[in-house]
Amino acid sequence: EKALKIQCIVRGWFARNKAKKLREEKIARDIFVSEQESLRMQEAEEIRQKEIDRRRNPKTLEDFAILYKELQTWRISEGEKIEKMAISAAERKQLMVELLKKQTKLLQTIDRLKQDASKKNREKAIHSNLEKMAQPKETKVVLDNTTPVIKTYITTPSSTRATELKDLFLSLKIPQPSVDERLATLLQVSQKKKKRK
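Along each chain, residues carry numbers from 1 onward, in the same order as the chain's sequence is written. For a predicted model such as this one, the threshold for reporting local features is a pLDDT of at least 70, and the threshold for listing and counting side-chain atom pairs is 80 or more; totals across whole chains, interfaces and linings nevertheless cover every residue. Only hydrogens and water are set aside; all other atoms, that is, all heavy atoms of the structure, feed into the side-chain values.

**Student:** Is there a simple way to think about the overall build of the protein in this case?
**Tutor:** Across its full length, the protein carries 5 helices and 2 strands. Numbering of helices and strands starts at the N terminus; helices are DSSP runs of H or I of at least 4 residues and strands are runs of E of at least 2. Going residue by residue from the N terminus, the α and β elements of the protein occur as α-α-α-β-β-α-α. The globule rule used here is 2.2 Å times the number of residues to the 0.38 power, and the radius of gyration it is set against is calculated over C-alpha atoms. Here the C-alpha atoms of the protein give a radius of gyration of 35 Å, more than 25% beyond the 16 Å that 2.2 N^0.38 yields for 197 residues. In terms of principal-axis extent, the alpha carbons of the protein reach across some 115 × 90 × 40 Å. Burial status follows relative accessibility: with a 1.4 Å probe on protein chains alone, a residue under 20% of its type maximum counts as buried, one over 50% as exposed, and anything between as partly exposed. Classification of the 197 residues of the protein by burial places 10% in the buried group.

In structure tokens form, the structure reads like this:
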């Protein structure tokens, strides 16, 4: 009888430990699932924000293709709504003219954004090329098979000249407050040009 009582107590203790462990595992699993869900929601929100930004500030041809496609879809759906309305032909024609005006205005907006993006992309490409030309040249030196490759950076006369020209180009792009500063910059450009000849 005492052995049974001891067995009951021990089994109860094991059951309580097992139940506690299962509760802890469930809590940990719930926390993990909620963290994963919040992470998924955060990623979805980031993707949504990127898509909104792509439409507000298009930069690539793909962004503009999306805008044109959405405009076309919008125009078709609006045209279908107008066609389904129970109105006279004159009113329908007036609504179609208004729709065409809206579409024209949106196309002009997209074209203006396209020009702005083209200008920004051209500026970015120019700056990138100037940076590449002004960087020191990289060479790899291999002494023997046991030592690793050593990279060295060498400033060449052409990279030095490219750095000077890059600085002059950037100084020409910056709006200068006084005429004297602008003239000094233009004089430097003129001197560099004479040295080159």
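Read on for the rest.
**Student:** Can you walk me through the side chain of Ser-171 in this structure?
**Tutor:** With respect to the helices and strands, the residue Ser-171 is situated in helix H4 (residues 157-173). Residue contacts are counted whenever heavy atoms from the two residues lie within 4.5 Å of one another. Other than its neighbours up to four places away in sequence, Ser-171 contacts Gln-176, Arg-182 and Thr-185.

**Student:** Which parts of the structure should I look at to understand the packing of aromatic side chains?
**Tutor:** Given two aromatic rings, one states the distance between the centres and the angle between the planes to describe the pair. Each Phe, Tyr or Trp ring (for Trp, its six-membered ring) is paired with any other whose centre lies within 6.5 Å, and the angle between the two planes then decides the class: stacked below 30 degrees, edge-to-face above 60, tilted in between. In total, this model carries 1 aromatic pair according to the counting rule given. Aromatic pair Trp-13 and Phe-14: ring centres 5.1 Å apart, planes at 50 degrees, arrangement tilted. Under the relative-accessibility criterion, Trp-13 is labelled partly exposed at 45%. Take Phe-14: its relative accessible area is 51%, and that puts it in the exposed class.

**Student:** How do you make sense of the environment of Met-133 when you look at a structure like this?
**Tutor:** Structurally, Met-133 is set in helix H3 (residues 89-134). For Met-133, a relative accessible area of 46% translates into the label partly exposed.

**Student:** Would you mind showing me how to read the nonpolar core here?
**Tutor:** Among soluble globular proteins, nonpolar side chains are generally buried collectively. If you look at the biggest cluster of nonpolar residues, it comprises 5 residues: Phe-64, Leu-67, Leu-71, Ile-110 and Ala-117. Breaking this core down by element, the ones donating at least two residues are helix H2 (61-84) and H3. In contact with Leu-71, not counting residues within four places along its chain, are Gln-103, Leu-106, Leu-107 and Ile-110. What is meant by a nonpolar core is a set of buried Ala, Val, Leu, Ile, Met, Phe, Trp, Tyr and Cys residues, joined one to another through side-chain atoms within 4.5 Å.

**Student:** How do you make sense of the pattern of salt bridges when you look at a structure like this?
**Tutor:** Once the charged atoms of two side chains with opposite charge are near each other, the side chains can pair. Should a side-chain nitrogen of Lys or Arg be within 4 Å of a carboxyl oxygen of Asp or Glu, the pair is scored as a salt bridge. Within this structure, the stated rule accounts for 12 salt bridges. Residue Glu-37 is joined to Arg-40 by a salt bridge in which the shortest nitrogen-to-oxygen separation is 2.8 Å. In this pair, Glu-37 and Arg-40 are both assigned in helix H1 (residues 2-56), 3 residues apart and thus about one turn of the helix distant. A relative accessible area of 36% places Glu-37 in the partly exposed class. Residues Glu-123 and Lys-173 are paired through a salt bridge, measuring 3.0 Å at the closest nitrogen-oxygen approach. Remark: Lys-173 occurs in helix H4 and Glu-123 occurs in helix H3; sequence separation between them is 50 residues. You can call Glu-123 partly exposed: its relative accessible area is 24%. Each of Glu-51, Arg-54, Arg-55, Glu-62, Asp-63 and Glu-70 takes part in salt bridges that share partners, so that together they form one network.

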